[in-house]
Amino acid sequence: MDPLKVYQYSNPGRLIFGPGALAELKKEFNVKDKPLIITDEGVARAGILKKVTDLLIEAGIRYELFDRVAADPSIEVFEEAAACYRQRGCTSLIALGGGSSIDVAKGVAIRATHEGTIKEYASGKPVEGVLPWICAIPTTAGTGSEATAVAVVFDPETKVKMVLKNSAVVPRVALLDPLLLASVPPKVAADTGADALAHAIESYLSLAGHMITDAIALSAIKMIMGNLPKFVANPQDVAAAGQMHLASCMAGLCFANVGLGLAHALAHPAGVYFHASHGLSCALYLPGVMEFNAPACPEKFVAIAEAAGRDVRGLSAEKAATEAIDAVRDLFAKVGLPRTLSEMGVEFRLEPKMVDDAFTSPPAKSNPRKAEPEQIAALFASVK
Ligand SMILES: [Fe+2]
């Protein structure tokens with residue numbers, strides 16, 4: 001952190017966390033409200049939607065349902081959900097699910113009250129006035145979307161994952177209940193955990209990072225390193241699930257403030273062209289990006305290695321950086337994440353547009369070491 005530079009930090013909305021936190025939902029709404037629940041079919045199948053609707057019914061709160069969110073939601077899904085909100089006379093939003101459902105709720109909050117298209121708002125069109133408020137109930141531990149002003153909107157026409165950023169869409173309250181993570185499949189737990197770790201590490205290394213986000217990010221790294229394998233092995237381990245839920249949220253509020261880095265800059269086009277999940281894409285690129293970044297801020301890698309539980313006393317910063325990167329690789333191997341595209345059965349093909357999209361994306365701007373297009377191409381190819 002540069003003592004002569006100006007930094008900023010905003011808090012997210014209210015966070016309520018711990019086993020049984022979902023029950024607080026009843027206190028957040030009154031009988032005049034009519035929230036639209038935005039979710040996906042998997043959440044309904046897992047019985048989590050019923051837990052939410054039972055609480056609303058008990059409290060006499062009417063609600064409407066939009067359950068057609070899919071991974072990497074496209075412009076069309078955002079617009080469809082917003083039309084549903086308007087047609088059914090809703091007054092607020094419950095975002096129930098992973099990052100995709102929470103992101104869609106953020107877009108709906110804007111489009112429910114504003115003319116134009118979601119694509120225009122994702123391109124920076126300003127938002128005025130008060131938006132419908134959002135109660136976020138994450139059912140995975142990874143995206144941190146409940147703590148951010150950011151939504152990822154996929155544009156199928158340009159094949160770009162656009163980043164909608166507006167402080168008006170930060171959820172007013174988030175209920176982080178580890179009991180809702182009990183049925184997360186191991187693969188999803190590992191995927192989303194890798195995303196959370198990438199958020200924590202990339203925001204810690206961000207050029208906009210400062211003492212507040214550094215402290216939170218390092219704690220999140222420590223919590224993820226210590227708990228992800230236990231959580232993947234048994235999502236019903238309430239202590240591990242609770243730590244992962246909170247760490248993912250903490251990492252979210254760090255990147256909401258100071259941005260991300262190259263692993264995310266590469267992960268977005270990789271998700272589009274290789275059809276890999278976002279978490280998996282982050283897991284593929286994070287270790288290589290750390291190697292690329294280490295010479296730019298070696299002292300930060302010493303702190304990452306320590307947070308990862310490595311004994312780096314007496315080691316040079318360079319050797320400690322290697323320990324930090326090894327710790328990340330070891331963690332990903334332990335939870336069964338692949339190291340290469342070929343392990344995933346995906347054939348590598350580098351489209352020039354992938355390099356352009358990564359090079360011009362916002363996360364590339366906050367990365368601690370500037371990467372030229374050829375270096376980005378080499379990082380893409382490094383996980384063939
Ligand atoms: Fe991410």
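Remember, predicted model here, so these are calculated numbers, not experimental data.

What counts and what doesn't
Residues numbered from 1 in each chain as written. Predicted model: local features only at pLDDT ≥ 70, side-chain atom pairs only at ≥ 80, totals over all residues. Heavy atoms only, no water. Donors = N, O, S within 2.8 Å, 3.2 Å for Na, K, Ca; no water. Tetrahedral: all angles 85-135°; square planar, octahedral: opposite > 155°, others 65-115°. Helix = DSSP H or I, 4+ residues; strand = E, 2+ residues; numbered from the N terminus. Buried < 20%, exposed > 50% of the residue type's maximum accessible area, 1.4 Å probe, protein only. Polar contact = N/O pair within 3.5 Å; in protein donor to acceptor, adjacent residues only side chain to side chain. Contact = heavy atoms within 4.5 Å. Pairing = 2+ DSSP bridges. Domains from an automatic or database assignment. Buried area = accessible area lost by both parts, 1.4 Å probe. Nonpolar A, V, L, I, M, F, W, Y, C, P; charged D, E, K, R; others polar. Axes fitted to C-alpha atoms, helices over the stretch in contact; angles between N-to-C directions. 1 Å grid on protein atoms, 1.4 Å probe; cavity = no way out; pocket = protein on both sides within 12 Å on 5 of 7 lines; lining within 4 Å. Points joined across faces, edges and corners; volume = space filled by probe spheres on them. Core = buried A, V, L, I, M, F, W, Y, C linked by side-chain atoms within 4.5 Å.

## Details of the coordination of the iron ion
- Distances from the iron ion to its protein donors, Asp 195 (OD), His 199 (NE2), His 264 (NE2) and His 278 (NE2), fall within 2.1 to 2.2 Å.
- Because the angles between the four donor atoms bound to the iron ion fall within 82 to 167 degrees, the donor set is best described as irregular.
- Along the chain, the residues donating to the iron ion fall in the pattern D-x3-H-x64-H-x13-H. Of this pair, Asp 195 sits in helix α7 (residues 186-205) while His 278 sits in helix α11 (residues 278-293), placing them 83 residues apart in sequence.
- Assessed through its relative accessible area of 4%, Asp 195 is described here as buried.

## What about the side chain of Lys 34?
- Along the chain, the position of Lys 34 falls in the loop between α1 (25-28) and β2 (35-38).
- Within the structure, the side chain of Lys 34 is placed 3.3 Å from the side chain of Glu 64, a separation counted as a polar contact.
- Excluding residues within four positions of it along the chain, Lys 34 makes contact with Arg 62, Tyr 63, Glu 64, Arg 88, Gly 89, Cys 90, Thr 91 and Ser 92.

## With respect to the pairing of strand β6 (residues 150-155)
- With respect to burial, β6 is a largely interior element, five of its six residues being buried.
- Here β6 pairs with strand β7 (residues 160-165) via six bridges, running antiparallel. Within the sheet, the bridge partner assigned to Val 152 lies in β7 and is Val 163.
- Adjacent in sequence and paired antiparallel, β6 and β7 are bridged by four residues, among which Lys 159 carries a positive phi angle near 60 degrees.

## As for the domain arrangement of the protein chain
- Under the domain assignment, the protein chain is made up of domain 1 (14-180) and domain 2 (184-381).
- Between domain 1 and domain 2, the C-alpha centre-to-centre distance is 26 Å.
- Counting residues at the interface gives 24 residues for domain 1 and 25 residues for domain 2.
- In total, about 2,100 Å² of surface goes out of reach between domain 1 and domain 2, with carbon and sulfur atoms giving 69% of it.
- Counting across the interface, domain 1 meets domain 2 through five residue pairs in polar contact (both at pLDDT 80 or more).
- Put simply, the parts of the chain that give the side of domain 1 that touches domain 2 at least two residues each are β1 (14-17) and β7.
- Here the element with the most residues in the side of domain 1 that touches domain 2 is β7; it accounts for four residues.
- Residue composition of the side of domain 1 that touches domain 2, by class: 12 nonpolar, seven polar and five charged.

## Some words on the sheet that holds β2
- Spatial ordering of the open sheet is given by β1-β8-β5-β4-β2-β3, a layout of six strands whose pairing is parallel. At either margin of the open sheet sits one strand with a lone partner, and together these are β1 and β3 (64-66). When the angles between neighbouring strand axes are averaged without regard to direction, this sheet yields 20 degrees.
- Inspection of the sheet shows strand β5 (residues 134-138) paired to strand β8 (residues 173-176) by two bridges, in the parallel sense. Residue pairing in the sheet places Ala 136 in a bridge with Ala 174 of β8.
- Helix α9 (residues 238-258) contacts β1, β5 and β8 of the sheet and is inclined by roughly 165 degrees relative to β1.

## Focus: the layout of surface pockets
- Considering only enclosed or pocket space, the second largest pocket measures out at about 290 Å³ in volume.
- Around the second largest pocket sit 14 residues that line it, and Ser 10, Ala 149, Ser 167, Ala 256 and Asn 257 are the ones nearest its centre.
- Among the elements that make up the lining of the second largest pocket, the one with the highest residue count is α9 (three residues).
- If you count residues domain by domain, the lining of the second largest pocket takes at least three from each of domain 1 (14-180) and domain 2 (184-381).

## Structural notes on the pairing of β5
- When you tally the buried positions in β5, you get five out of five residues, the bulk of the element.
- In β5, alternate side chains face the same way, and those of Ile 134, Ala 136 and Pro 138 on one face and Cys 135 and Ile 137 on the other are all buried.
- In this structure, strand β4 (residues 92-97) lies alongside β5, joined through five bridges in parallel fashion. Counted as the bridge partner of Gly 97 is Pro 138 from β5.

## Describing the nonpolar core
- Counting residues in each nonpolar core, the largest one holds 85 residues, and the members touching the most others are Leu 197, Leu 262, Tyr 285 and Phe 380.
- Looking at which domains feed residues into this core, each of domain 1 (14-180) and domain 2 (184-381) gives three or more.
- Setting aside anything within four residues of it in sequence, one finds Tyr 285 in contact with Ala 263, Leu 266, Ala 267, Ala 270, Phe 274, Leu 379, Phe 380 and Val 383.

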